[in-house]
Amino acid sequence: MAAEMAAEGAAHAPTASEYIVHHLGHLSTQHQGKIIDFSIINMDTVFWSVMMGVIGCLVMFLVARKATAGVPGRLQAFVELVVEMVDDQAKNIVHGDRSFIAPLALTVFVWVLLMNSMDFLPVDLFSSIFGLLGIEIHHRAVPTADLNGTLGISLGVFALMIFYNVKIKGAGGFIHELFCAPFGSHPALWIFNLGLNIIEFVAKTVSLAMRLFGNMYAGELVFLLIALLGSTATWWGFGMQVVAGSVWAIFHILIVLLQAFIFMMLTLVYIGQAHEGH
C-alpha cells in the first residue's frame, strides 16, 4: 500500500520543466489564453515593487527620525555610509543642481536593492504557503526578474532625461541639439542627427532595463535549478542542494548589490548627460 501511494505521488509530481515553468509564471490579469495583451498586469510584480518601496521609505524615515549626533547605531551608520556614497557619486557625475537628483539616486539604489533582495527568499516559500491554503496560483516575488518591472523603472529614468534636457537647455535648445548634434547643423544632416539621437535614447532605456532584468532572471533560474537537486530524494541530492544553494546565495549577494549600484550609477550618468551639450 505504501509503495502504491509513493508511486502515485511520484506520478503526480511535476517534472523539472513543469516545476520551472510554474515558478516563472506570474499572478497576472491574463485571461482567455491571450499572449499579447497590453491590458495584462503582473499583479505580483506591482505588489512587491510597491511593498519594497514602502519598506525602503519607512526604514529611511525611521533612521532619519532616530538619528543622533553622538555614536550612531549600526543601522544609522550603514544608512549614513550609503547616503555619503550616493552623494559623492552624484557630485562627481552631475555638474549642477543636485537637490533632487541625489535623493533620487538614493531612492533608486535602496529600492532596486530591496527588490533584488527578494531573490534570497526560498523559491518554494510562496507556493508552499498558497498550497497550505488550498490555492493554486502562480506567484513571483522578485520584481526585477520581470522585464515589465525593470522597463517601468527605466522609462521613469527616460522621462527624467527628457525633463532635464528641456529644463536645462530649453525646449528650443533641446530640439536644436536633436537635429544638429553630433554631425553638424547642415540641413542635410538633420535626419541623421535625429535618427542617431532617437536610437541613443532608446538604447539607453532598453539597455538599462535589460541589464537588470537579465542578471536577476538568470539568478532566479539558478536558484530554481539548485532547488531541483532536492527532488532526487537522496542524501547526495540534498547535500548538493545545501552546498550549491549556500555558495550561490553568497555569490548572489554581490550580484544584488552590484546591480543596484550599476542601475543607480547609470541613472546618474544619463541624467548628468542632460546637463551637458554635445
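Please refer to the structure placed before this passage.
Let me begin by describing the structure that accompanies this report. Note that this is a predicted model, so its numbers are computed, not measured.

### Thoughts on a nonpolar patch on the surface
- Taken together, the side chains of L147, L151, L155, I198, V202, V206 and M210 make up a nonpolar region of the molecular surface, amounting to roughly 550 Å² of accessible area.
- Breaking the nonpolar patch down by element, the ones donating at least two residues are α7 (147-180) and α8 (190-229).
- It is α8 that provides the largest number of residues to the nonpolar patch, a total of four residues.
- Tracing the backbone shows M210 in helix α8.
- The exposure class assigned to M210 is partly exposed, which follows from its relative accessible area of 41%.

### Here's the deal with the side chain of E220
- Looking at where E220 falls in the secondary structure, it is placed in helix α8.
- Only 2.6 Å separates the side chain of E220 from the side chain of R140, close enough to count as a polar contact.
- Residue contacts for E220: discarding those within four places in its chain leaves L24, D119, R140, V142 and A145.

### Observations concerning the environment of G195
- Here G195 shows up in helix α8.
- Classification of G195 by relative accessible area gives partly exposed; the value is 27%.
- Sequence separation between G195 and L178 is 17 residues; the distance between their C-alpha atoms is 8.7 Å.

### What about the nonpolar core?
- The biggest cluster of nonpolar side chains holds 45 residues, and the ones touching the most others in it are F109, V112, F263, M264 and L268.
- When contributions to this core are tallied by element, the ones reaching two or more residues are α3 (43-65), α4 (74-93), α5 (101-117), α6 (125-132), α7, α8 and α9 (235-273).
- For this core, the leading source of residues is α5, giving 11 residues.
- Sequence-distant contacts of F109, that is, excluding residues within four places in its chain, are made with V82, M85, L257, A260, F261 and M264.

The rules behind each value
Residues numbered from 1 in each chain as written. Predicted model: local features only at pLDDT ≥ 70, side-chain atom pairs only at ≥ 80, totals over all residues. Heavy atoms only, no water. Patch = residues over 30% accessible without salt bridge, like charges linked within 9 Å, V, L, I, M, F, W, Y side chains within 5 Å. Areas by Shrake-Rupley, 256 points an atom, 1.4 Å probe, with all protein chains shown as cover. Salt bridge = Lys/Arg side-chain N within 4 Å of Asp/Glu carboxyl O. Helix = DSSP H or I, 4+ residues; strand = E, 2+ residues; numbered from the N terminus. Buried < 20%, exposed > 50% of the residue type's maximum accessible area, 1.4 Å probe, protein only. Polar contact = N/O pair within 3.5 Å; in protein donor to acceptor, adjacent residues only side chain to side chain. Contact = heavy atoms within 4.5 Å. Core = buried A, V, L, I, M, F, W, Y, C linked by side-chain atoms within 4.5 Å.

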